[in-house]
Amino acid sequence: MSTGADRPAASGPGEDHDPSATCAAAHEPVVVGAGVGARATSGAVPSCHADGDGPPAPPGAPVLALVGAPNSGKSTLFNALTGRHRTVGNWPGTTVEVGRSAWAVDGQVCELLDLPGAYGLDAHSPDEEFTRDLLRDDPPALTVVVVGAAQLAQSLYLLAELRERRQRVLVALTMLDIAARRGVEVDAQALAAQVGVPVIALDPRRGQGRVELAQAVARTLAQPVPQARCEQVPEDSFEAAEERMAWVDAACRAAAPAADTQPTTTVTDRVDRWLTAPLVGPVVFLAVMWAVFQLTTTVAAPLQDLVGAFLSGPVTSAAAAGVGAVGLADSWVEMLVVDGLISGVGMLLTFAPLVAIMFALLALLEDSGYMARAAVVTDRLMRAIGLPGQAFLPMIVGFGCNVPAVSATRILPDARHRLAAAMLVPFTSCSARLTVYVLLAATFFPGHAGTAVFAMYLASIAIIVLVGLVFRATLLRAVGDEPAILLLPPYQRPTLRLTLSITWLRLKGFLATAGGIIVVTVTLVWLLQAIPIQGGAGFGHVDPEDSLFAGLARVIAPVFTPLGFGDWHTVGALVVGFVAKEAVLTSWAQTYAAGDPTAGQSPDQLQAHIATAFESTSGGATTAAVIAFMVFLLIYTPCVATLAAQAREIGRRWTAFSVAVNLVLAWSLALVIFQIGRVLG
Amino acid sequence: MAGDEEKCELRRTPKGTRLRVGGMLPGRSGLRLRHLGLRPGTLITVLGRTSGGGFLIGVGSGRIVLDRRAATGLTLFPVSA
């Protein structure tokens, strides 16, 4: 029996390897195992992506594993059982890393693992390979197979394979309500009798059935290990597959005899017919995404003003009074707190409502099942750049945060596809970049901010296609193209609890960045601003123009002069933005607040300074310079957390190559945009 | 016998038609289709065409999207009434 003490850790981060070297056979998908099972946010680099592992189980605790087909509800069940907040989503491949947490079963603490989804033990991709290796080589004390009733035939193949060995297995039967809506009633008792293991019907989305599952787990652990369902497995893989399919068919017929005689089409089939249709599907997708950004910017604006007023009023006054009370008024401490932390971090916090609204809307789309339809719609686009359709799923994740998106490339079976996708992910415009776009769009395109931001997302997709086409002609030239087969998840009515939970999980990541790496960055920028290099003023009392920060930014500024944004405040912000894209915003707020304290108190005041800077550096072609800047910001480099994730997935050399490509492309495109814009005037 | 029956092509089959799978794609794609519940003898329902030239089909209560290559790799026969 495997226990938490003897289980080796999942493969760790930091491996430097060359995925291209492992895929010499063009038509045989090759799997590289870098970091599979490792935590996406492991390592010292903070990320704006938060995921929820739980407290560890004590050494020697029995290990229980949740396994099942992709999108059968394993992570939702894991969260329901342990109170954790792992990322969940209604599409296949949401979980590419193992989650673990202690779980008390009938007074006994066990270690519960949430494994990446797999239809069977024939691994097609690194996430499936990890699940296979763990189940075959180091079987847990008990395996809980999560079976979606709405996809019964697709969920039972893995159970058929697991039952070929002597091991403790039980079935958690989910999605009974969705199956019923499709006219399929699944009988849990009949299924249990046919497959020879306990079957517990539950609804993890609504927290129902947890107690019954815990009781069943305790009973199963107390019983002897059951016999395998067959004595010998055919050696030929297709013969073995046929035998398992016959077993699955028998189980389906016993549990859901009406499934094959159900009405041919349902309401959701008619909806799907339109949402995935050749012309209507892409139009609906674009309309949905435009609505998301329009709604986000419109609803967030008054909330941003409220937060800004609160920070610049009561919070600033209280901080100044507090510093004064300990005798440090007008000292560098007050400057650090008020001009540095409150101006910088506070400015970022005014964008928390905006980010929360976008996260909530995306969570609604994900939970409903629409995003899997979007992947079908974009299949042709992905194939045009030599990637399989499912490569769009990491890209969608990237629009929230690039870090988990890089990890999500593990759902792709081919090593070269993963390499290309991991280098394309940084072009997806994450929520951190959204904050800067919104500030600039509100400044320069008032009244059309939502459309301007949406245009940046279209630009993001256009750049992915552009670079993807180059990859197709080079990196992916010899890579074979397997037929695309995608199981559509059933539609679900999003629940308020789950939507709020996902939104809070992601917002927490945003706030953790603001409270962690951004505080460090703000402090460093403040320090560089406090050191004089000319003018004779003392530490902390230097004119911003005479500070070390301004001096360093001016050294680099000429590189950006041909792009229309060579002002030292802007260039300094871009350099700081290497750490995290939110830092562009905080750096602007800090550097302008040092000369004009009102600039750090609300986005309105800051906007005026930024507008003046762009007008002066662009020679009158302000709009062209702003667009060039936004495109540069989109492309030039992802945050350090994403670079760390890339290094883990594709190695340091490819990561360095990716950064170099991004920098050259960003500078070149921004140059072309500004120079053409200037000429067209 | 299957060999005597007239084969059906998904692109020429009206929506809502029920078909029986006769032959499968070889290799890993065939194995993947088996994981998803498709094998010789399985009944499928044609539900529509998708963006990019693929097809949406129903297999039991599951819904599967096949791209053009996966679809042409299936040998399909009409289900006699």
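Counting restarts for each chain, with residues numbered from 1 along the sequence as it is written. Chains carry letters from A onward and ligands carry numbers from 1 onward, assigned in written order. Local features are withheld for residues below a pLDDT of 70 in this predicted model, meaning they are given only at 70 or higher, and side-chain atom pairs are given and counted only at 80 or more; totals for whole chains, interfaces and linings count all residues. Water and hydrogen atoms play no part in the side-chain values, which are based on all heavy atoms of the structure.

A.B. asks: I'd like to hear about the overall build of chain B, residue by residue, with values.
C.D. replies: Broken down by element type, chain B carries 2 helices and 5 strands. Helices and strands in chain B line up, N terminus first, as β-α-β-β-β-α-β. The globule rule used here is 2.2 Å times the number of residues to the 0.38 power, and the radius of gyration it is set against is calculated over C-alpha atoms. For 81 residues, the compact-globule estimate of 2.2 N^0.38 gives 12 Å, and the C-alpha radius of gyration of chain B, at 12 Å, lies within 12% of that figure. Counting only C-alpha atoms, chain B reaches 30 × 25 × 25 Å along its principal axes. With a 1.4 Å probe rolled over the protein chains alone, any residue whose accessible area is under 20% of its type maximum counts as buried; one over 50% counts as exposed, and the rest are partly exposed. Expressed as a percentage of its 81 residues, the buried residues of chain B come to 58%. Whether two residues are in contact is decided by their heavy atoms: any pair within 4.5 Å suffices. Pairs at least 24 residues apart make up 51% of the contacts formed inside chain B by residues separated by at least 6 positions. The Shrake-Rupley method, run with a 1.4 Å probe sphere, supplies the accessible areas, and residue values consider only the shown protein chains as cover. A total accessible area of about 3,300 Å² is found for chain B, and carbon and sulfur atoms account for 50% of it. Numbering of helices and strands runs from the N terminus; a helix is a DSSP stretch of H or I covering at least four residues, while a strand is a stretch of E covering at least two.

A.B. asks: Please give an account of a nonpolar patch on the surface that cites residues and values.
C.D. replies: All names here are of chain A. Only residues whose relative accessible area exceeds 30% and that form no salt bridge enter a patch; like-charged residues are grouped when within 9 Å of one another, and nonpolar side chains (Val, Leu, Ile, Met, Phe, Trp, Tyr) when within 5 Å. By convention in these notes, a salt bridge is any Lys or Arg side-chain nitrogen within 4 Å of a carboxyl oxygen on Asp or Glu. A cluster of nonpolar side chains, Val555, Ile556, Val559, Val575, Phe578, Leu663 and Trp667, forms an exposed patch at the surface whose accessible area comes to about 540 Å². Put simply, the parts of the chain that give the nonpolar patch at least two residues each are α22 (548-560) and α28 (652-680). Structurally, the position occupied by Trp667 is in helix α28.

A.B. asks: Describe a positive patch on the surface, listing the residues and the values that go with them.
C.D. replies: On the surface, Arg380 of chain A together with Lys15, Arg49 and Arg68 of chain B cluster together into a positively charged patch. Along the chain, the position of Lys15 of chain B falls in the segment before β1 (18-23). Look at Lys15 of chain B and you get partly exposed, because its relative accessible area is 49%. Positive: Lys, Arg. Negative: Asp, Glu. His and the chain ends are not part of the count. By convention, the charge on Lys lies at NZ, on Arg at CZ, on Asp at CG and on Glu at CD.

A.B. asks: Describe the pattern of salt bridges, naming the residues involved and giving the relevant values.
C.D. replies: Pairs can form between side chains of opposite charge once their charged atoms are near each other. All names here are of chain A. The full count for this structure, using the stated rule, is 21 salt bridges over all chains. Between Arg206 and Asp177 there is a salt bridge, with the nearest N and O atoms lying 3.9 Å from each other. Taken as a pair, Arg206 in the loop between β6 (199-201) and α7 (210-222) and Asp177 in helix α5 (residues 176-181) lie far apart in primary sequence, 29 residues in all. Residue class for Arg206 comes out partly exposed when judged on its relative accessible area of 38%. Where salt bridges share partners, they join Glu161, Glu164, Arg229, Glu243 and Arg244 into one cluster.

A.B. asks: Any chance you could break down the sheet that holds strand β5 (residues 75-78) of chain B for me, citing the residues and the numbers?
C.D. replies: At least two DSSP bridges between two strands are required for those strands to pair. Taken together, 6 strands build an open sheet; the order of strands is β7(A)-β4(B)-β3(B)-β2(B)-β1(B)-β5(B) and the sheet is antiparallel. The open sheet has two free edges, formed respectively by β7 (485-488) of chain A together with β5 of chain B, since each of these has just one partner strand. Strand after strand, the sheet turns through a mean of 40 degrees between neighbouring axes, direction not considered. In terms of strand pairing, β1 of chain B meets strand β2 (residues 43-50) of chain B through 3 bridges, oriented antiparallel. Residue pairing across strands places Arg18 of chain B opposite Thr45 of chain B, the latter belonging to β2 of chain B. The convention used is that axes are lines fitted to C-alpha atoms, helices contributing only their stretch in contact, and that angles between N-to-C directions extend from 0 to 180 degrees.

A.B. asks: Account for the interface of chain A and chain B, naming residues and giving values.
C.D. replies: For interface size, the figure often reported is the accessible area lost on association. Taken together, the contacts link 48 residues of chain A with 37 residues of chain B. Around 4,000 Å² of area is buried between chain A and chain B when both sides are counted, 53% of it from carbon and sulfur atoms. There are 5 salt bridges connecting chain A and chain B. With a shortest N-O distance of 3.0 Å, Glu242 of chain A and Arg34 of chain B are connected by a salt bridge. Residues adjacent in sequence count toward polar contacts only when both atoms are side-chain atoms; beyond that, a polar contact is any pair of N or O atoms within 3.5 Å, and within protein one must be able to donate a hydrogen and the other to accept it. On the surface where chain A and chain B come into contact, there are 11 residue pairs in polar contact (both at pLDDT 80 or more). Every element with two or more residues in the side of chain A that touches chain B is listed here: α3 (152-155), α8 (237-255), α9 (267-275), α13 (370-377), α14 (379-384) and β7 of chain A. A 1.4 Å probe defines the accessible area here, and the buried area is the portion of it lost by two parts on being joined, summed over both.

A.B. asks: Which residues make up the sheet that holds strand β4 (residues 142-148) of chain A, and what are the values?
C.D. replies: Residues and elements named next belong to chain A. Within the open sheet, the 6 strands sit side by side as β2-β3-β1-β4-β5-β6. Their pairing is mixed. Each of the sheet's edge strands pairs with one partner strand only, and the pair in question is β2 (99-105) and β6. Adjacent strand axes in the sheet meet at a mean angle of 25 degrees, parallel and antiparallel pairs treated alike. Of the pairings in the sheet, the one linking strand β1 (residues 63-68) to strand β3 (residues 108-114) comprises 4 bridges and is parallel in character. Pairing of Leu64 across the sheet is with Leu112, part of β3. Taken strand by strand, helix α6 (residues 188-195) contacts β5 (169-174) and β6, and its axis lies near 160 degrees from that of β6.

A.B. asks: Account for the packing of aromatic side chains, with residues named and values stated.
C.D. replies: Residues and elements named next belong to chain A. Under the pairing criterion, centres of Phe, Tyr and Trp rings, with the six-membered ring standing for Trp, must be within 6.5 Å; the plane angle then separates stacked pairs below 30 degrees from edge-to-face pairs above 60, leaving the rest tilted. Under the defined criterion, the tally for this structure stands at 17 aromatic pairs over all chains. A ring pair is formed by Phe293 and Phe454, whose centres lie 6.4 Å apart and whose planes are at 40 degrees; its orientation type is tilted. Of this pair, Phe293 sits in helix α10 (residues 280-325) while Phe454 is found in helix α19 (residues 449-473), placing the two residues 161 residues apart along the sequence. Across the pair, exposure class does not vary: Phe293 and Phe454 are buried alike. On the basis of an interplanar angle of 75 degrees and a centroid distance of 5.6 Å, the ring pair of Phe444 and Phe614 is categorised as edge-to-face. Note that Phe444 is positioned in helix α18 (residues 431-444) and Phe614 in helix α25 (residues 603-617), a separation of 170 residues in sequence. An identical accessibility class is assigned to Phe444 and Phe614; each is buried. Three or more aromatic residues joined by ring pairs form one cluster here, namely Phe444, Phe560, Phe565, Phe578, Trp588, Phe614, Phe629, Phe632 and Tyr636. Here, a charge over a ring means that NZ of Lys or CZ of Arg falls within 6 Å of the ring centre while also lying within 35 degrees of the ring normal. Of note, Arg373 hangs over the ring of Tyr491, and the distance from its end group to the ring centre comes to 3.9 Å.

A.B. asks: Kindly report on unusual backbone geometry, identifying the contributing residues and their values.
C.D. replies: All names here are of chain A. Phi is positive for Asp106, which is not a glycine, with a value near 50 degrees. Looking at the element boundaries, Asp106 is found in the loop between β2 and β3. Among the residues examined, Asp106 registers a relative accessible area of 68% and is labelled exposed. Unlike most non-glycine residues, Met175 shows phi in positive territory, near 60 degrees. Here Met175 lies in the loop between β5 and α5.

A.B. asks: Give a detailed account of the side chain of Ser407 of chain A, specifying residues and quantitative values.
C.D. replies: Residue and element names in this part refer to chain A. Mapping Ser407 onto the fold places it in helix α16 (residues 402-408). Residue classification places Ser407 among the buried positions, given a relative accessible area of 1%. Of the polar contacts made by the side chain of Ser407, one reaches the side chain of Arg648; its length is 3.3 Å.

A.B. asks: Can you explain the environment of Gly572 of chain A? Please cite residues and give values.
C.D. replies: All names here are of chain A. With respect to the secondary-structure elements, Gly572 resides in helix α23 (residues 568-576). Each C-alpha atom, one on Gly572 and one on Ala553, is 5.0 Å from the other, the two residues being 19 residues apart in sequence. If near-sequence neighbours (up to four positions away) are discounted, Gly572 is found in contact with Phe549, Ala553 and Ser587.

A.B. asks: Describe the confidence of the model for chain A, with residues and values.
C.D. replies: Residues and elements named next belong to chain A. Taken over all residues, the pLDDT of chain A has a mean of 83, while the share at 70 or more is 88%. Per-element confidence in chain A is highest for helix α26 (residues 622-635), whose mean pLDDT is 97, and lowest for helix α2 (residues 126-137), whose mean pLDDT is 79. Per-residue pLDDT stays below 50 along residues 1-47; that stretch engages in 129 contacts with residues further than four places along the chain or on separate chains. Residue-level confidence of the predictor is what pLDDT reports, using numbers from 0 through 100.

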